[in-house]
Amino acid sequence: MAFNHLPAGVHDALSPLSVRPVTHSVSMAHNQIPRQAGIRPSPRAVLGRLSTGAGRGTRITHTEHLPPRPGTHAQWPSAIRPEVIDAIRAAGIERPWAHQARTAEYALRGESVVVATGTASGKSLAYLAPVLSTLLDGAEEPSGRGTTALYLSPTKALAADQRRAVAGLTAPLGTGVRAAVYDGDTPVEEREWVRQYANYVLTNPDMLHRGILPGHPRWSSFLRALRYVVIDECHTYRGVFGSHVAQVLRRLRRVCARYGSSPVFLLASATASDPAVAAGRLTGVPVVEITEDGSPRGEVVFALWEPPLTELHGEQGAPVRRTATAESADLLTDLAVQGVRTVTFVRSRRGAELIALIAQERLAEVDRSLPGRIAAYRGGYLPEERRALERALHSGELLGLAATTALELGMDIAGLDAVVVAGYPGTRASLWQQAGRAGRTGEGALAILVARDDPLDTYLVHHPDALFRQPVESTVLDPDNPYVLAPHLCAAAAELPLTEPDLELFGPATTELMPQLEQRKLLRRRATAWHWTRRERAADLTDIRGAGGSPVQVVEAATGRLLGTVDAAAAHTTVHEGAVHLHQGRSYLVRQLDLDDSVALVEEASPPYSTTARDTTTISILETTTEIPWGDARLCFGSVEVTNQVVSFLRRKLITGEVLGESKLDLPPRTLRTRAVWWTVTEDQLEEARVHPQALGGALHAAEHASIGILPLFATCDRWDIGGVSIPLHPDTLLPTVFVYDGHPGGAGFAERAFHTAARWLAATREAIAACECEAGCPSCIQSPKCGNGNDPLDKKAAIRLLTTLLAGAPEHPPAAE
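Residues numbered from 1 in each chain as written. Predicted model: local features only at pLDDT ≥ 70, side-chain atom pairs only at ≥ 80, totals over all residues. Heavy atoms only, no water.

**Details of the overall build of the protein**
Item 1. Tallying secondary structure elements over the protein gives 25 helices and 31 strands in all.
Item 2. Out of the 818 residues belonging to the protein, those deemed buried represent 61%. (Helix = DSSP H or I, 4+ residues; strand = E, 2+ residues; numbered from the N terminus. Buried < 20%, exposed > 50% of the residue type's maximum accessible area, 1.4 Å probe, protein only.)

Listed below in structure tokens is the structure:
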């Protein structure tokens, strides 16, 4: 029997809303202190009020005080036009910070540069000053369109936010800068104007991939004059998404060369490890890095918060800890009553809806004017809904927001006092990015990380050095992934026939792929070039977000109204027949999932339960790329095929999590070819670890769950990017085997990073299990919220002994990362 833990899109990312054993009262004295107009409460005072009350103080496991930091000024480079400097001064900025001036210097010299400094350090101005100055220079040219610039952001919200910022800054500059957003929300009648007249186009990689590059002849004048490509929040381009964007940028460089331009890349990133290396891999060109932050920072009070254990028991009798969802809703409620402007970041769309809904209900008990000042913000909303929420947040009409990472990236949310992070977001870089949303005007800020009942979250709130004394992760991406590269070669050939000199641009794996694409009759070689052979658009061969197909539209059956969308990869687990779907505080039951037409029909309902999918998984080894001995054990890395099928779903009570019943589902299996790391142990090692045959399945299963939970400390992934399978006797190895695999076709680089850091990764896994205070295993150590086998069997003590024996054979000099 195989025990599995699946990546995002295979199980719902949110475990059921837990019980509320602790009575929440918003009538406590400390919550009745109103915020005086114009006076910001100090972060220490706010945290002090939150921590008073029954049992509240014991939930804070650590408080980190980051002292304020003074800024370091510099002078703008002399080549920046005086009109631009005057406009910046009119916006209240007399002199730039040191890192802003250095970034501008490199840009004006024609060198690609990445500025990787803290949140709210003014990275936007660092690239805007040279871009605007250069655009004004181009506007004075006697003929032609003049110089152009392209801005890429990972989200539509960020592009819209940047457009507002540019409009405010360029108002005194006249018509020399003509900025416009060009994305899926841009009305058709505006698109032609943007193509013909805009010289600063703000878009996203998706539109570049599907719209601009395939239609490059219509963009010829823009691309011919392209001087700068700004890539904002570039640390988000990791894994499969980052690998796709890397190939889109190579296609852009190739098309630009066709029109005689060679743009300079200006990248902005949150603090990251080796940003120049990651930026170079993303763009394919040498990049200079600027990491010394010259901006000032107000005091930051950062609290680690662990919800309490309850008296209830979950699967296999394990103790249940109060969920981060319920705890974060309480904190958002208390902060709103205090008048503290707050954003609560949550991992899943459903979680954002639940937190907002719970907070609204509790605030209604205190003041009926407050619920309307709390809202949810997530992907899948219609464009007009997103824009309305963004305006309300900017204006201060909203006091609190429960948001997914759709709001994490770069949006200038002025005036926030606090950020609550409901569950570790997967990387230290993302954690600091979210925490940095508060205090953006340079004043003090409060950040709270609320731990989920999860091995990694539990480990971090009890090992604060892993958060506060470690550098942020390096960005992992693999542009040579054949599943990524192949469709982009087809798209490039459709844009312009591919020639031999082009192949080097797309990477060393290109030469191997070209014959395969010819054999599949996707490309045909004529004379010295390869041509796209089909009628359909080559850009439609792939979804660069890795969603794996067209989004499923969620439609209200009675009215035909489109409520939103769900990624294709998540449809089997989130909008299957009988699933509970949440949208803007309302709950719906899915009556039908039509996979052929990508439509889920729903009707509004208020069931007293949530739903969780169950599945089965098998895995086979296709190729072992690398194998090293760990004593008698073996550590391996290679290619695998994973077959998964959702077979049923559970209905659980909203309050207690109690299972009400299980219903069968008839959904087709999904097959994934990807990369994995796996380890095997021998019979002798099992005997040495005193792992008896009846305990073997539970020991392997527990080790697999915990290792998946801990891996994000060692690779830029989160547990939803990866999956796992553990098998007491695998048919390919003929030994007990544990697999951890990338949850994306062709791999995303995470399993490879796990292979190269296996000794430290598995040692931390063992420590996390051993340090947990539970007796036989719980969600904080070895249980998984997404286990397809109902967390059965699991054996905590046997897992510790097994990992101890495995680690005893780890080599002193682990394999070096390539």
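**Side note on the packing of helix 22 (residues 693-710) against helix 25 (residues 796-808)**
Item 1. Axis separation between helix 22 and helix 25 bottoms out at 8 Å; the angle between their running directions is 75 degrees. Overall, the two elements helix 22 and helix 25 adopt an arrangement that is roughly perpendicular. Facing helix 22, whose interface residues are Ala-695, Ala-699, Leu-700, Ala-702 and Ala-703, helix 25 presents Ala-798, Ala-799, Leu-802 and Leu-803.
Item 2. Of the residues contributing to the contact of helix 22 with helix 25, the split by class is nine nonpolar, no polar and no charged. (Axes fitted to C-alpha atoms, helices over the stretch in contact; angles between N-to-C directions. Parallel < 35°, antiparallel > 145°, perpendicular 65-115°, else oblique. Contact = heavy atoms within 4.5 Å. Nonpolar A, V, L, I, M, F, W, Y, C, P; charged D, E, K, R; others polar.)

**Re the environment of Pro-205**
Item 1. If you trace the backbone, Pro-205 turns up in helix 7 (residues 205-212).
Item 2. When the C-alpha atoms of Pro-205 and His-244 are compared, they prove to be 9.1 Å apart, with 39 residues separating the residues in sequence.

**Regarding the pattern of salt bridges**
Item 1. Scanning all chains against the criterion turns up 35 salt bridges.
Item 2. Residues Arg-469 and Glu-64 are paired through a salt bridge, measuring 2.8 Å at the closest nitrogen-oxygen approach. Residue Arg-469 is located in the loop between helix 16 (465-468) and helix 17 (482-495), and its partner Glu-64 is located in strand 2 (residues 60-66); the two are separated by 405 residues in the primary sequence.
Item 3. Overall, Arg-469 belongs to the partly exposed group, its relative accessible area being 47%.
Item 4. Notably, a salt bridge pairs Arg-321 with Glu-773, separated by 3.7 Å at the nearest N-O pair. (Salt bridge = Lys/Arg side-chain N within 4 Å of Asp/Glu carboxyl O.)

**Things to note about the sheet that holds strand 21 (residues 552-556)**
Item 1. With respect to topology, five strands assemble into an open sheet ordered 22-21-25-24-23, the strand pairing being mixed. Each having just a single partner strand, strand 22 (562-566) and strand 23 (580-583) make up the two edges of the open sheet. Each strand axis lies, on average, 35 degrees off the axis of its neighbour in the sheet, ignoring direction.
Item 2. Pairing between strand 21 and strand 25 (residues 599-604): four bridges, direction parallel. Residue Glu-556 lies in a different strand from strand 25, and its bridge partner there is Val-602.
Item 3. Here helix 12 (residues 349-364) sits on the sheet and contacts strand 22 and strand 23; the angle it forms with strand 23, its principal contact strand, is near 65 degrees. (Pairing = 2+ DSSP bridges.)

**Details of the nonpolar core**
Item 1. Counting residues in hydrophobic clusters, the biggest one holds 104 residues, and the most contacted among them are Trp-630, Trp-679, Leu-711 and Trp-761.
Item 2. Once you skip the residues sitting within four places of it in the chain, Trp-679 turns out to touch Arg-634, Leu-635, Leu-700, Ala-703, Pro-736, Thr-737, Val-738, Leu-762, Leu-802, Leu-803 and Leu-806.
Item 3. Grouped together as the second largest cluster of nonpolar side chains are 38 residues, Phe-241, Leu-249, Leu-267 and Leu-477 included. (Core = buried A, V, L, I, M, F, W, Y, C linked by side-chain atoms within 4.5 Å.)

**Here we look at helix 14 (residues 428-435)**
Item 1. With seven of eight residues buried, helix 14 is to be regarded as a mostly interior element.
Item 2. Regarding helix 14, the residues found buried are Arg-428, Ala-429, Ser-430, Leu-431, Gln-433, Gln-434 and Ala-435.
Item 3. On its buried face, helix 14 is in contact with strand 10 (300-305), strand 13 (342-346), strand 16 (418-422), strand 17 (445-450) and helix 16.

**Some points on the sheet that holds strand 18 (residues 498-499)**
Item 1. The three strands lie next to each other as 18-20-19, forming an open sheet whose pairing is antiparallel. The open sheet has two edge strands with one neighbour each: strand 18 and strand 19 (523-526).
Item 2. As defined by bridge partners, strand 18 adjoins strand 20 (residues 529-532) across two bridges and the pair is classed as antiparallel. Its bridge partner lying in strand 20, Leu-498 is registered against Trp-530.

**Focus on a negative patch on the surface**
Item 1. A surface patch of negative charge is lined by Asp-632, Glu-683, Asp-684, Glu-687 and Glu-688.
Item 2. With respect to the element layout, Asp-632 can be found in the loop between strand 26 (609-630) and strand 27 (633-653). (Patch = residues over 30% accessible without salt bridge, like charges linked within 9 Å, V, L, I, M, F, W, Y side chains within 5 Å. Areas by Shrake-Rupley, 256 points an atom, 1.4 Å probe, with all protein chains shown as cover. Lys, Arg positive; Asp, Glu negative; His and termini not counted. Charge placed at Lys NZ, Arg CZ, Asp CG, Glu CD.)

**Digging into the pairing of strand 6 (residues 200-203)**
Item 1. Here strand 6 shows no split at all, with Tyr-200 and Leu-202 on one side and Val-201 and Thr-203 on the other all buried.
Item 2. Here strand 4 (residues 148-152) pairs with strand 6 via four bridges, running parallel. Residue pairing for strand 6: Leu-152 is matched across the bridge by Thr-203.
Item 3. Bridge analysis of strand 5 (residues 179-181) against strand 6 gives three bridges, and the strand direction is parallel. Counterpart to Ala-180 in the pairing with strand 6 is Val-201.

**Considering unusual backbone geometry**
Item 1. Unusually for a residue other than glycine, Ser-598 sits at a positive phi of about 55 degrees.
Item 2. Even without glycine at this site, Arg-690 takes up a positive phi of about 55 degrees.
Item 3. Take Arg-690: it is sitting in the loop between helix 21 (683-688) and helix 22.
Item 4. Classification of Arg-690 by relative accessible area gives exposed; the value is 53%.

**Let's talk about the confidence of the model for the protein**
Item 1. Of all residues in the protein, 90% attain a pLDDT of 70 or more, and the chain-wide mean is 86.
Item 2. Low confidence marks residues 8-37, where pLDDT is under 50. Its contacts with residues over four positions away, or in another chain, come to 95 contacts. (pLDDT = per-residue confidence, 0-100.)

**Some details on the packing of aromatic side chains**
Item 1. Going through the model one piece at a time under the given rule, you end up with ten aromatic pairs.
Item 2. A centroid spacing of 5.9 Å and a plane angle of 70 degrees characterise the contact between Trp-432 and Phe-468, whose relative ring orientation is edge-to-face. Separated by 36 residues along the polypeptide, Trp-432 in helix 14 and Phe-468 in helix 16 bring together distant segments of the chain.
Item 3. Of the residues examined, Trp-432 reaches a relative accessible area of 27% and is grouped as partly exposed.
Item 4. The class of Phe-468 is buried, set by a relative accessible area of 13%.
Item 5. Pairwise contacts between aromatic rings join Tyr-182, Trp-219 and Phe-222 into one cluster.
Item 6. Across from the ring centre of Tyr-182, 5.6 Å away, lies the NZ or CZ of Arg-191, which sits over that ring.
Item 7. Above the ring of Tyr-259, the side-chain terminus of Arg-258 is found at 5.6 Å from the ring centroid. (Phe/Tyr/Trp six-rings, centres within 6.5 Å; stacked < 30°, edge-to-face > 60°. Lys NZ or Arg CZ within 6 Å of the ring centre and 35° of its normal.)

**Here's the deal with the packing of helix 9 (residues 239-258) against helix 17**
Item 1. Between helix 9 and helix 17, the shortest axis-to-axis distance is 10 Å and the interhelical angle comes to 20 degrees. Between helix 9 and helix 17, the crossing angle belongs to the class labelled roughly parallel. The interaxial crossing formed by helix 9 with helix 17 has right-handed handedness. Side by side, helix 9 and helix 17 meet where Val-240, Ser-243, His-244, Gln-247, Val-248, Arg-251, Arg-254 and Val-255 of the first sit next to Val-484, Leu-485, His-488, Ala-491, Ala-492 and Glu-495 of the second.
Item 2. Classifying every residue of the contact of helix 9 with helix 17 by side-chain character gives seven nonpolar, four polar and three charged. (Left-handed = near helix turned anticlockwise from the far one by under 90°.)

**Focus on the environment of Pro-68**
Item 1. When you line up the elements, Pro-68 lands in the loop between strand 2 and helix 2 (82-90).
Item 2. In this structure, the C-alpha to C-alpha distance between Pro-68 and Gly-444, residues 376 residues apart in sequence, is 8.2 Å.
Item 3. Dropping the residues within four chain positions of it, Pro-68 is found in contact with Arg-297, Gly-298 and Glu-299.

**Thoughts on the side chain of Thr-117**
Item 1. With respect to the secondary-structure elements, Thr-117 resides in the loop between strand 3 (113-116) and helix 4 (123-139).
Item 2. Taking the relative accessible area as the measure of exposure, Thr-117 reaches 1% and is therefore buried.
Item 3. Side-chain polar atoms of Thr-117 contact the side chain of Ser-121, separated by 2.6 Å.
Item 4. Not counting the four nearest positions on each side in its chain, Thr-117 is found in contact with His-99, Lys-123, Ser-269, Ala-270, Thr-271, Ile-290, Thr-291, Glu-292 and Asp-293. (Polar contact = N/O pair within 3.5 Å; in protein donor to acceptor, adjacent residues only side chain to side chain.)

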